[in-house]
Amino acid sequence: MPDRPGPGFRPRIGPPSRRARVLLLTAAVLAALIVAFVLFAGVWTDWLWFKSVGFSSVFTTRLWTKAGLFAVFGLVMAVVVGFNLWLAYRLRPPLSAMSVEQQSLDRYRMGVAPYKRWLLSAISVMVGLAAGAAATGQWRTWLLWTNRTPFGEKDPQFHLDVAFYAFSLPWYEFLLGFAFSAVIVSLLAAVLVHYLYGGLRLQGPGRRASAGAKGHLAVLLGVFVLLKAVAYWLDRYALAVKSGAYKGVDGWTGLRYVDANAYLPAKTILFFVAIICALLFFLTPIRRTWAPALIGFGLMALSAVLIGGLYPAVVQQFQVKPNEQAKETPYIKKNIDATRQAYGIADSQSRQYDPKPTADAEALKPDAQTIADIRLLDPNVVAPTFQQNQALRKYYAFPKTLDVDRYGQQDTVLGVRELDLNGVQQRNWINDHFKYTHGYGVVAAKGNQVDKDGNPVYTESALPTTGSFGDYQQRVYYGEKSTQYSIVGGSNDEIDYTSDSGPDPTYRYTGASGVSLDNPLTRAAYAVKFAEPQILYSGAITDGARVIYDRTPKERVEKVAPWLSIDADPYPVVVGKQLLWVLDGYTTSDGYPFSSKTTLGDVTKDSLTDQRGRTLTAVNKVNYIRNSVKATVDAYTGEVTLYQWDGTDPVLKTWMKTFPGTVKPTSDIPSALLPHLRYPQDMFKVQRDMLGMYHMTDATAFFNGTDIWQVPADPATNTGEVQPPYYLTVRMPDQERASFSLTSSFVPAGRDNLAAFMAVDADPGPDYGKIRILKVPTGAGALGPKLTQAKLNSDQAVANQLTLLKTGSDSDIEYGNLLTLPVGGGFLNVEPVYLVGRSAKVPVLQKVLAVYGNNVALEDNLANALAKVLGGAASGTPTAPVEPTAPTAPGTAPTSPPSTGGGGNPALDKALQDAQKAFTDGQDALKNGDWTRYGQDQKALQDALNAAAAAQQKGGGATPAPSSAPVPPSAAPAPSASPSASP
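**Some remarks on the sheet that holds strand β11 (residues 466-467)**
Next, step 1: Overall, antiparallel pairing links the 5 strands, which are arranged β5-β6-β9-β10-β11 in an open sheet. Sheet topology places β5 (403-407) and β11 at the edges, where each strand pairs with a single neighbour.
Next, step 2: Bridging between strand β6 (residues 410-416) and strand β9 (residues 442-450) involves 5 bridges; their strand directions are antiparallel. Each residue of the ladder has a partner; that of Thr412, found in β9, is Lys446.
Next, step 3: Sheet strands in contact with helix α13 (residues 383-390) are β6, β9 and β10 (456-461), and its direction is about 55 degrees off that of β10.

**Some points on the side chain of Thr459**
Next, step 1: Position of Thr459 among the secondary structure elements: in strand β10.
Next, step 2: Other than its neighbours up to four places away in sequence, Thr459 contacts Ala444, Ala445, Lys446, Thr466, Gly467 and Ser468.

**Some words on the packing of helix α8 (residues 257-287) against helix α9 (residues 291-320)**
Next, step 1: Two elements in contact, α8 and α9, have axes separated by 8 Å at closest approach and are oriented at 175 degrees. In terms of axis orientation, α8 runs roughly antiparallel to α9.
Next, step 2: The class makeup of the residues in the contact of α8 with α9 is 22 nonpolar, 7 polar and 1 charged.

**Digging into the confidence of the model for the chain**
Next, step 1: Per-residue pLDDT for the chain averages 86, and the proportion of residues at 70 or more is 87%.
Next, step 2: Confidence over residues 875-903 falls short of pLDDT 50; this stretch has 77 contacts with residues more than four positions distant or in other chains.
Next, step 3: Here residues 956-983 scores under 50 on pLDDT; set against residues more than four positions off or in separate chains, the count is 86 contacts.

**Details of the pairing of strand β24 (residues 640-644)**
Next, step 1: Summarising burial for β24: 5 of the 5 residues are buried, a large majority.
Next, step 2: Here β24 shows a buried face lined by Val640, Leu642 and Gln644 and a second buried face lined by Thr641 and Tyr643.
Next, step 3: Alignment of strand β23 (residues 624-634) against β24, held across 5 bridges, turns out to be antiparallel. Residue pairing in the sheet places Ala631 in a bridge with Leu642 of β24.
Next, step 4: Linking two consecutive strands that pair antiparallel, namely β23 and β24, is a turn of 5 residues; a positive phi of about 75 degrees is found at Gly638 within it.

**Observations regarding the packing of helix α2 (residues 56-90) against helix α5 (residues 139-146)**
Next, step 1: It is the contact of α2 with α5, at a shortest axis distance of 10 Å, that shows an interaxial angle of 100 degrees. In this view, α2 runs roughly perpendicular relative to α5, as classed from their interaxial angle. Residues Thr61, Arg62, Thr65, Lys66 and Leu69 of α2 lie in contact with α5, whose contacting residues are Trp139, Trp142 and Leu143.
Next, step 2: Residues that form the contact of α2 with α5 fall into these classes: 4 nonpolar, 2 polar and 2 charged.

**A closer look at unusual backbone geometry**
Next, step 1: A cis geometry characterises the amide bond from Leu463 onward to Pro464, with omega recorded as -5 degrees.
Next, step 2: Here Pro464 shows up in the loop between β10 and β11.
Next, step 3: Despite not being glycine, His159 has its phi angle at roughly 60 degrees, a positive value.
Next, step 4: Along the chain, His159 turns up in the loop between α5 and α6 (162-196).
Next, step 5: At Leu392, a position not held by glycine, the phi torsion is positive, near 70 degrees.
Next, step 6: Structurally, Leu392 is set in the loop between α13 and β4 (396-397).

Procedures and definitions
Residues numbered from 1 in each chain as written. Predicted model: local features only at pLDDT ≥ 70, side-chain atom pairs only at ≥ 80, totals over all residues. Heavy atoms only, no water. Pairing = 2+ DSSP bridges. Helix = DSSP H or I, 4+ residues; strand = E, 2+ residues; numbered from the N terminus. Contact = heavy atoms within 4.5 Å. Axes fitted to C-alpha atoms, helices over the stretch in contact; angles between N-to-C directions. Parallel < 35°, antiparallel > 145°, perpendicular 65-115°, else oblique. Nonpolar A, V, L, I, M, F, W, Y, C, P; charged D, E, K, R; others polar. pLDDT = per-residue confidence, 0-100. Buried < 20%, exposed > 50% of the residue type's maximum accessible area, 1.4 Å probe, protein only.

As structure tokens, then:
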């Protein structure tokens, strides 16, 4: 048992020994040094990162702006509060009244007396630090105000430039809020000091407040009321950006009748009332009575209730409600015009489109390219197929949702073979950060073709990849799956890829990306940043080694351009010798007067959100958006480049003045990159959401809500989320030729029939960003996606085939994207059907569904499906299509030449010889990848077969019997297509 202290034991009482004091002091110093180094490491590594990417000015501008705001507002708050504490102490009465209350406070006064200066300084500093820290969060507001650029547009109520609401008003409101905080804290601190030193008393004889306390507090209250007067004045302008729910719009913004005719005059009256009340408070020290000021304050409060609350309610009840449409229509019109302008939908073109499906070849001829480029591969489904066929190693992976781009005129589905450390068998610090460092290459497939087994037709494949893209830097050090740091360079031999024969090739990074670790201080800083002490002493880090981090394209662009909102879907582009990630950047504002607000995280959510990630901030409410910047990130070097895309955007101009030299002009965009830029999906989704209501430009129709649209639910999923937009090659009725577009459908609110079809030109050019809307008349009978899917599922022949397809294999059926295209005066719907193995989970295209008017088809390939629903018109001939002896995959040529037996008919013999030659030439062109020649030969083959049919009918010879039907335009690339061309 431990010894117990005896009866005479007395614990030591008194200050700690010198040794204990030294130990405590040493521990405190070490703790302070550790905290200081952690803070230093954060700032130092950030500076090195920004310097390594060439955006050090962004770091320094933000740093000095935050430091300046912290110092100025922290100092102002500390001085104001400290001055009022000091003044309250100076105004204390010389003698305290004898009372129980004051006697109990004497001991507190005596306890505080030796430390009053320290307490004054400590309180002032603490309040100043808190205020300064809060002010640093306003760095964007300050920079926008100091570098503001006029919009050149005025609001319809106060006739002020929009820049006042977007840039100036937020800063003024912050200053006002800061001033209120300073006065309130000062008032509370002064009351506490006055009470402690007897200036304010709750008990005892005589006055409850000394003259000094009364005057001090009266002045502070007067300043508070004066600030309230300023708030009333600013509230007048804030009405133009005030938002609330109205007429089915949750973020309705701007003045309505009651605002303009009740709240606005009420705010003006209250402004003058508050000015008078403040003057009464300022006169209180002179008149030595609180009565006038308190009466004035009471009248101000009563006025706020009556004029600011009751009067508007009376106006709303007795003037607006009895005739609401007439009263609100002018203000609704202002909201419509401002909203359409702020979201870039003011120039959208709408036209009536009464769908009348036809199988006439001449009617379908203008849409030949649209039919030819129908995308069979669903980039949201076939990622597992890419993974199975082209990952080739367990530590490579493709994104869940692939991307769509154009090469030549060929729609192409692409995926980057990125590193996935989850597939590495031996996980340790060296392997994770030194050996497995990069992905390898891009895999691409034709969007409108599959092979005979239903798999993609790859134009870029293998490892290393080979194909139409030619020679480019395939190593992917920066990608969507690169979420942790790697240490590269020096003498570090990285695993390049695993070879099937011979030793695995290794690679040493030669790019200039990342931060050098040659400096021991830098290594120590990164050891703290990544919480990995081995960085400080590991022998694996040799001279020339560099650490690369923040490697996903989205986070790199967000970091160098913190004033941008970045689209959730970076997409890869092979340009010359480079693999680039392309990203779209948005400038936004919530200060556009009369423009309704929306929550970006909600309106950009669709059925693919879980696969591609939500864009922007979920609670980020805006009422102005522009796709003002195109950004690129080099997949090998990590280099970030920002290009100005919208030269008229005042928000972008303001930020370009704030961070000069960070955004390059549009003219600097490489000519090889320009064709790969496209209209962004998230911008499109914001616009289509607003067009659900704001396609109605007539205020009366808007008020009545007679034609509200909504985006339909995705019929291919059971989540209930809305259908995503699709990149398709589409010809709208007013266009001469098809163009690469981003498309979407609308249905009426609460119903499932088709209300409208929307497309925006996605290719850079004169029509880039032009929104075209086809409005379907009520009662036209056009089916929305849900009804179209139901029509497909309820067709008995289709249902039987799908049942046989599913029961005949150990697989499940998965529907691809249901595509809607305006074709031949009607709407053509096409949907690929995939079989997904229950064990392998790899989708394989097995069938194609098509709906055109009342015709429904489920066929082995797109050519047969279109031939069935279009009645032969898809192949360019009004006659019924010739059934092939064996099904052919879309995009494949006949497997054998047509018969040449003319039966003694010279014209027939000549036609069949021409068909034979066209077939042979087409096969040669197909082998050589000459798609222009292939298209010409296919046309010649079709013409020869038509001539043979005519000769046979005229001369009575034997009917020519091709062993396979000619490939219609729907199954072959357009003559101008060149999928094998280098980008």
